[in-house]
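Commentary on secondary and tertiary structure
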Amino acid sequence: MSEQPTYEIKLTRKGGMGANTNWHWEVQDSTGKAVKTGSAVGEEHKAFATARIAKEKLEAGK
């Protein structure tokens, strides 16, 4: 049996306010190394959803 890698999402606010907030996100492996990074503009939940999609693709092996 192979063990599935675990990933964690980290969001950082880089500036702006409200609908114009700039977010930087990272998907990190269990050692804390950034595996995938990106940015998003908008509310926090939308930026998190973008990062979650990237995390799910990594977990699926795409």
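Refer to the structure printed above.
Below: a short report on this structure.

How each quantity is defined
Residues numbered from 1 in each chain as written. Predicted model: local features only at pLDDT ≥ 70, side-chain atom pairs only at ≥ 80, totals over all residues. Heavy atoms only, no water. Helix = DSSP H or I, 4+ residues; strand = E, 2+ residues; numbered from the N terminus. Buried < 20%, exposed > 50% of the residue type's maximum accessible area, 1.4 Å probe, protein only. Contact = heavy atoms within 4.5 Å. Areas by Shrake-Rupley, 256 points an atom, 1.4 Å probe, with all protein chains shown as cover. Lys, Arg positive; Asp, Glu negative; His and termini not counted. Charge placed at Lys NZ, Arg CZ, Asp CG, Glu CD. Polar contact = N/O pair within 3.5 Å; in protein donor to acceptor, adjacent residues only side chain to side chain. Pairing = 2+ DSSP bridges. Axes fitted to C-alpha atoms, helices over the stretch in contact; angles between N-to-C directions.

1. Re the overall build of the protein
For the protein, the count of helices and strands is 1 helix and 3 strands. Taken from the N to the C terminus, the helices and strands of the protein come in the order β-β-β-α. Each principal axis of the C-alpha atoms in the protein carries an extent, and together these give about 45 × 20 × 15 Å. For the protein, with 62 residues in total, the buried portion stands at 21%. Taking the intrachain contacts of the protein between residues at least 6 apart in sequence as the baseline, contacts between residues at least 24 apart amount to 27%. When the accessible surface of the protein is totalled, it reaches about 4600 Å², and 48% of it is carbon and sulfur. One way to put it: in the protein the 10 positive side-chain charges average out to a point 6 Å from where the 8 negative ones average out.

2. Looking at the environment of Thr12
By secondary structure assignment, the location of Thr12 is in strand 1 (residues 8-15). Owing to a relative accessible area of 34%, Thr12 belongs among the partly exposed residues under this scheme. Separated by 46 residues in the primary sequence, Thr12 and Leu58 have C-alpha atoms spaced 20 Å apart. Not counting chain neighbours up to four residues away, the residues in contact with Thr12 comprise Asn22, Trp23 and His24.

3. A look at the side chain of Gln28
Along the chain, Gln28 falls in strand 2 (residues 22-28). Among the polar contacts listed, one links the side chain of Gln28 to the side chain of Glu26, at a separation of 2.9 Å. Aside from chain neighbours lying at most four places away, what touches Gln28 is Thr6, Tyr7, Glu8, Lys10, Lys33, Ala34 and Val35.

4. Focus on the sheet that holds strand 2
Within the open sheet, the 3 strands sit side by side as 1-2-3. Their pairing is antiparallel. Taken across any chain shown, the strands that pair with only one partner, and hence form the sheet edges, are strand 1 and strand 3 (34-41). Neighbour to neighbour, the strand axes of the sheet diverge by 20° on average, direction disregarded. Pairing geometry for strand 1 and strand 2, over 7 bridges, is antiparallel. Bridge pairing links Lys10 to Glu26 in strand 2. Running over the sheet, helix 1 (residues 44-60) touches strand 1, strand 2 and strand 3 and is turned about 25° from strand 2.

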